[in-house]
Amino acid sequence: MYIDVCVQQNFIGFDQVYTYSTKLGRNDLFLGQRVKVPFGKKILMGIILAIDVENTSGFEAKEILGTFEDQVFLPRDLMVLAEKMSEKYFIGPFTSLAYILPPSNGQGIFYDQGEFKVENLPDLNRYGYLEGQGKNPSQEKVLNLLKSQGPLLKSEILDRLDISASPVQTLIKNGVIGPVKEEKTCQPPQVLTPDQERAYQEFYQDQSLETLLFGVTGSGKTELYLHWAQDCIERGQKVLIILPEIALTPQMVERVQARFGSRTSVMHSKLTDSQRKLEWTRMRNGQVDILVGARSGIFAPMENLGLIILDEEQEASYQYHQSLRYDVREVAKMRSEITGTRLVYGSATPEVSLFYRAKKGDIKLIQLKNRIMDRPLARVHLVDMREELSTGNLSILSNVLHQKIQNTLSRGKQVILFLNRRGYSNFISCRHCGTAIRCDSCDISMNYHKTIHRLRCHYCGSTKPLPKTCPVCGSKLIKPFGVGTQQVEELVKNLFPQAKVHRMDRDTTNKKETYFSLYEDMKNRKIDILIGTQMLAKGLDFEHVTLVGILAADTSLFISDYKAQEQCYSLLTQVSGRSGRGKDPGEVVLQTYNPDNYAIKTACQGDYQDFYDMEIKQRQAYDYPPFKKLISIQLTGPDKEEVYEATRNFYRDLTGATRTLHLVGTKIIENPKIKNKYTFKFQLKSNKADLALLRDSLEWVFKKHMKENKGKIYIDIIFER
DNA sequence: AGCACGCCGACT
DNA sequence: GTCGGCGTGCTC
């Protein structure tokens, strides 16, 4: 019998399907099983993709050497998903599967009589008080804890008490405490507002596969998710809730756990491999009803999925980029199509292309129009920083903002200041010759970090000392320009010496604990002014924040991307949404050098519809998505000339192969060097009707070039959405 | 990529 | 005769 296998190989060019033979029978093999195979002169680990196939390869199949003892057994739909991802993203079958498999490709996961086991699987039972008495003080402590707190995991008992494991063991042996099936009584769902109730019902009016839940910040989308999730679980089905990593706050997790108890799983990037493996196994065993997870949660190994929720659908971190070789939203849609599971996108600022589809009726649109308790949106004051300059205020704080901070503090409320720029100053440049200090391995100007008194590159993280003279002309007129969060912190501390000021960005908040303690301090009002970047834009709810200052609304407009406007709108809306989440109304001061820009203007008024109307006209006028498909092709490698040459060849081959199509291509442009790698790219605009043909040609040219480059040059093909 | 094979010059 | 340097070709 022949089987199809993909192999674990470090050279991408060999990540493809290979046909092997085996003497084992159908019953000894299953899809996703790990096998040992001879590969050239080596022995490799492979994964079974198909069983009992014809050998159409034209090669004589070798025999597999055996199977591994530990076994990953993927749900069928994830095997199909891997195959579809492999086609869609021009990646090999193993690369594709590697995203889906648990850590270390599932090593140490055992399959045994219908149950999965991880080696040394911790005891997941919750122990509760049954009957009897403790025979010594330690045992009494345990019993008192369980009587007051209800059933707990063994590890939780030991965490809370200063005792060894043996009294717990004895109590279990004597039958005083024992595993309890139904744990904590779960919190009942909240009563829905009329607006939420309407939206809730609308969802069940039909069975559309895709639904966009469009609701302003604070309209209570999460509560709706939890209601739909509950319905689903009551039908005996499973639920996935995917959130951006930074929105996976303790607040959010607590809320879901309070509702669904221990049949919840949480997955985020801070988990260790063994925790991840354990969660994976719990899900695979059907011990989990609902997963709240960051983007990789979309590969949760749960069968009988009833609902997938993708919150903050427009998030840039869901989209294809350097460290993410697939688009989470697309993958969610693929998984939904494979299993027929309904998919809900949630957003206050939907991606323009998605909203277009929703308005056209291609996907279901549900709107939440009111904020809970009819709390008004924060009032936004727009400050033109050019006027501020002309009146002689050179500070990064406008007079209005300065005053409002003072007012807010005197009323005992909290302030958030937002600036999308880390470090002390943006760059160091020479007044004499104009040279900006650049990173040695990236073609990017370095930021000055006062805390370490060095320059740091925000792309590769490397640092170097601050030069005293210009390295080019030797001039001493070398000075920092542009303000970063560190400088704001310094300034604010000087201006408001009585206030407790804290900064939250990647430099202060790299560990989970610091994030958590900042969050607690903020909640307990140990901080008056919180200064930060993107990090504080999402999910953080502080009821005593009544003022948000956006120091430079323009920074995200400078990225040269057709999505610059919508990303700016979305970010401003999210940051503004941090203000006035409690009883007291909130205010926002938005400082800008571009007060006439429509993204900034409409964000001030908080009207997505207005923004959308303007943006969609632009998209139509310039042939951008959703009207045309935009495809970016990027080639990256260590040798500048070689990469440029390869890009030109790729372009030429592609134009040759697609002569019959109406394609518009841009010039080849050079991206800045990053970590000593050069990148050249060009873009194509295509009619939707031509897309299938274009994909075929792209695949052909891509494969040809991958072979020719022998892995020296990396090719990225991005279908912009 | 990585590994073996093979061709050729340098060396005991 | 044989050791090893590196160019070439192959992986179901």
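Residues numbered from 1 in each chain as written. Chains lettered and ligands numbered in written order. Predicted model: local features only at pLDDT ≥ 70, side-chain atom pairs only at ≥ 80, totals over all residues. Heavy atoms only, no water.

Attention now moves to the overall build of chain A. Per the secondary structure count, chain A includes 20 helices and 33 strands. Relative to the globule expectation of 27 Å for 721 residues, the C-alpha radius of gyration of chain A, 28 Å, shows essentially globular dimensions. A principal-axis box enclosing the C-alpha atoms of chain A has dimensions of 80 × 80 × 55 Å. Classification of the 721 residues of chain A by burial places 53% in the buried group. (Helix = DSSP H or I, 4+ residues; strand = E, 2+ residues; numbered from the N terminus. Rg over C-alpha atoms; globule rule 2.2 N^0.38 Å. Buried < 20%, exposed > 50% of the residue type's maximum accessible area, 1.4 Å probe, protein only.)

Turning our attention to the nonpolar core. Formed by 102 residues in total, the largest nonpolar core has its most connected members in Leu74, Leu240, Val331 and Ile550. Once residues lying within four places of it in the same chain are set aside, the contact partners of Val331 are Leu81, Met85, Tyr89, Ile298, Phe299 and Tyr326. With 30 residues, the next largest nonpolar core counts Tyr200, Leu224, Met252 and Ala294 among its residues. (Core = buried A, V, L, I, M, F, W, Y, C linked by side-chain atoms within 4.5 Å. Contact = heavy atoms within 4.5 Å.)

Attention shifts here to the UniProt feature "domain: Helicase ATP-binding" (unreviewed entry) in chain A. Feature annotation in UniProt assigns "domain: Helicase ATP-binding" (unreviewed entry) to the following positions: residues 202-368. Secondary structure content for residues 202-368 is 36% helix and 22% strand, and the end C-alpha separation is 11 Å. (UniProt positions renumbered as here; feature names shortened; annotations may be inferred.)

Let's shift gears to the protein's contact with DNA strand B. The environment of DNA strand B is made up of Asn10, Phe11, Phe14, Lys41 and Lys710. When atoms of DNA strand B within 4 Å of the protein are split into backbone and base, the sugar-phosphate part holds 57%. Among the residues making up the surface near DNA strand B, the classes are represented as two nonpolar, one polar and two charged. (Near = heavy atom within 4 Å. Nonpolar A, V, L, I, M, F, W, Y, C, P; charged D, E, K, R; others polar.)

What follows deals with the pattern of salt bridges. Within the structure shown, the criterion is met by 44 salt bridges. A salt bridge links Arg335 to Asp77; the nearest nitrogen and oxygen atoms lie 2.8 Å apart. One end of the pair, Arg335, is in helix α10 (residues 328-339); the other, Asp77, is in helix α1 (residues 76-88), and 258 residues separate them in sequence. Look at Asp77 and you get buried, because its relative accessible area is 10%. The partner of Glu587 in a salt bridge is Lys404, and the shortest N-O contact between them spans 3.0 Å. Note that Glu587 is positioned in strand β28 (residues 587-592) and Lys404 in helix α13 (residues 399-410), a separation of 183 residues in sequence. Each of Glu313, Asp327, Arg329, Glu351, Lys563 and Arg721 takes part in a single network of salt bridges with overlapping partners. (Salt bridge = Lys/Arg side-chain N within 4 Å of Asp/Glu carboxyl O.)

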